[in-house]
Structure formats: C-alpha cells, structure tokens
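# Breakdown of the fold
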Amino acid sequence: MGGHFGSVDLLARIRRAPLLKDRIQAFSITDPLSELVRALNAFRSAVLASYSSGLSVLAEEQSRGALRITPTLVTGAGEPLDSIARSRLREAFNAPVYMNCGATEAPYMAFDCTRGKLHLNVDWYIVEPVDRDFEPVPPDQPSHTVLITNLANRVQPIIRYNLGDSITAISEPCSCGNKLPVIEVTGRTNDVLTFRTSGGQTIRLLPLALGAVIEETPGVHRFQAIQTDATTITVRLQVTSGTDQAQVWTALMQRLTAYLSTQGVPSIRIERDPEPPHADPVSGKYRQVWSEV
C-alpha cells in the first residue's frame, strides 16, 4: 500500500542502499489478490512481512498452491494474531512466525519473543496505559487507550500521543528470560470480507486495504464498514467538522466503487447507515471493518 505510511517510508529509505535496492520490495495490499500472488511468486522473498489479515489470506493462497514461496521468516504487524492463525501461517509457509507492534508515531514499539509474548521497547518509548479519563490503569487490566512518548524522535517530539489502542501491561515476568516488560495488545480486530463474482469466483477484501480507501477520502473523520449480506457493504460515516456530508459521501462512493471494480467485484451495493460509527460496548474501541455474514 503506497502513501505516507511509516513502513512504506522505511522501505523506501532502506532501498536507497545499492546492495539492497533489488532485494527489498513493497507490494500494495490494495492490488487484486491474483496480481499480488503473481508478484510475490516472481519476487520469491526470503522474508514475508505484512498485516496479520493479509498474511492469513496469503497463507490460504499458499495452502491451495496458487502462492508458491519459501520464506525463512514470516512476520506480522498492525493487527492481533491469535495462536490458531499463527499455527496456520507456520504450517502454510513452513517457517517461524513472529509479531511486532508499532505505529507510524512509534515504530517497533514491542517485539515477539520465543514464547510468543510482546516485549515493550522501553529504551525508545514511554508507554502509559490509561482509562477513559486518562488516569493510569493498574497492571493486568486492559486500558481504554495508551499514551506514547517517543524518546528516539529528536526532530519532531511526540509526547503522550493518544494512540487509540487498548493494551494490558502484564505484571508477571516472561519465562523467556527477557527482562523487558510484557504487554498484550487488543487493538482493533477486523474481518476479511468475502464475496463471490457472477462466475462463482471467491474474492476476499483485506480490511486494512478497504479501510485505507475509505479513510483517505477527504472529509472522512471516522467510519465503519460492515458486510451485511453476500452483496452489500454498509458504511457508517462521521465527517470532519465544516465539511459537506453529501460531497464526502459522493467522493467516498466513487472511491469505493473504483476499488471494488479493480478487485473484480463491481456488483456490490454500497449503502449508508444513518447511524454514526459506534464504539464496542465492551472494549470501547471503534472496530472499523467486519462481516455479519
């Protein structure tokens, strides 16, 4: 996925080195899956890194024989990866699977260990789990959000930035022997949306790709996209203050229609829910993309 994302900028910087230019390649998750599979087969990377939902879809393609790569390491980020999904990735790619946690404002905030736990990079960041009133949350209790202070960024200081994800600081030391603090990240869990073409082909839409198309529409402040049946996506939309709702919705419809067409599913209905986006009543998080089918 192009654009101004931390991972994209980092790869572009790394590829400036002559020896690495042809050894590292970024592929867009907004490309049709068939094109992405062809590109990955041609590149045959030794390390495969992507969003967790993207890795799960690629694992399916690998298991059915469409994707034919042999990475020595698979690493995920951006979304939670449970033990079942991790096991499927190991089986599909026959490679170790690791996770890291971070954001554009806080790259590499936490790293996986051999026990599958996320260890906080306290040398670079101050991480404060807080409740709805921005008061500290005790260990072993999930936070409403987390405040991040980037100690490594001396150009543009980021101090107590509200990251928007729920984490739990674990009090018990990790059995791997690493003394860095352990955290569990709830984050925002999203679904891969599945549709069928008139010819019977299954098309899977990655939630982060679909979400990027929506949230990069000028005027969109917050959204939720829900697959309500086999041919319908319903969108809850909150626009930024001072923008025209009708214009934002028209632009969003045009962008979504064009994206769905490139994915091979032009017959999907896009409907607007009159209700605004709702936070999850339990976690308090705004889940962005999911399926009710």
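Residues numbered from 1 in each chain as written. Predicted model: local features only at pLDDT ≥ 70, side-chain atom pairs only at ≥ 80, totals over all residues. Heavy atoms only, no water.

### Focus on the nonpolar core
Phe93 and Leu237 are the most contacted members of the largest nonpolar core, which has 47 residues in total. Examining the composition of this core, we find that six residues originate from one element, helix H6 (residues 245-262), more than from any other. The residues contacting leucine 237, other than those within four sequence positions of it, are Val220, Arg222, Phe223, Val248, Trp249, Leu252, Arg272, Glu275, Pro276 and Pro277. In this structure, Cys101, Ala110, Leu120 and Tyr125 belong to the second largest nonpolar core, which totals 13 residues. (Core = buried A, V, L, I, M, F, W, Y, C linked by side-chain atoms within 4.5 Å. Buried < 20%, exposed > 50% of the residue type's maximum accessible area, 1.4 Å probe, protein only. Helix = DSSP H or I, 4+ residues; strand = E, 2+ residues; numbered from the N terminus. Contact = heavy atoms within 4.5 Å.)

### Points about the environment of threonine 240
Residue position: threonine 240 is located in the loop between strand E14 (232-239) and H6. Distance in space between the C-alpha atoms of threonine 240 and aspartate 273 is 17 Å, their sequence separation being 33 residues. With near-sequence residues (within four places) excluded, threonine 240 lies in contact with Gly219, Val220 and His221.

### Thoughts on the packing of aromatic side chains
Going through the model one piece at a time under the given rule, you end up with three aromatic pairs. Each ring, one from phenylalanine 27 and one from phenylalanine 43, has its centre 5.8 Å from the other, and the planes form 65 degrees; the classification is edge-to-face. Of this pair, phenylalanine 27 sits in the loop between helix H1 (6-14) and helix H2 (33-43) while phenylalanine 43 is found in helix H2, placing the two residues 16 residues apart along the sequence. Classification of phenylalanine 27 by relative accessible area gives partly exposed; the value is 26%. Looking at phenylalanine 43, the relative accessible area reads 25%, which means it is partly exposed. Between the aromatic rings of tyrosine 108 and phenylalanine 111, the centroid separation amounts to 6.1 Å while the plane-to-plane angle is 5 degrees, which identifies the pairing as stacked. Assessed through its relative accessible area of 37%, tyrosine 108 is described here as partly exposed. Judged by relative accessible area, phenylalanine 111 falls into the partly exposed class, the value being 37%. (Phe/Tyr/Trp six-rings, centres within 6.5 Å; stacked < 30°, edge-to-face > 60°.)

None of the figures reported here should be taken as evidence of function without further support.
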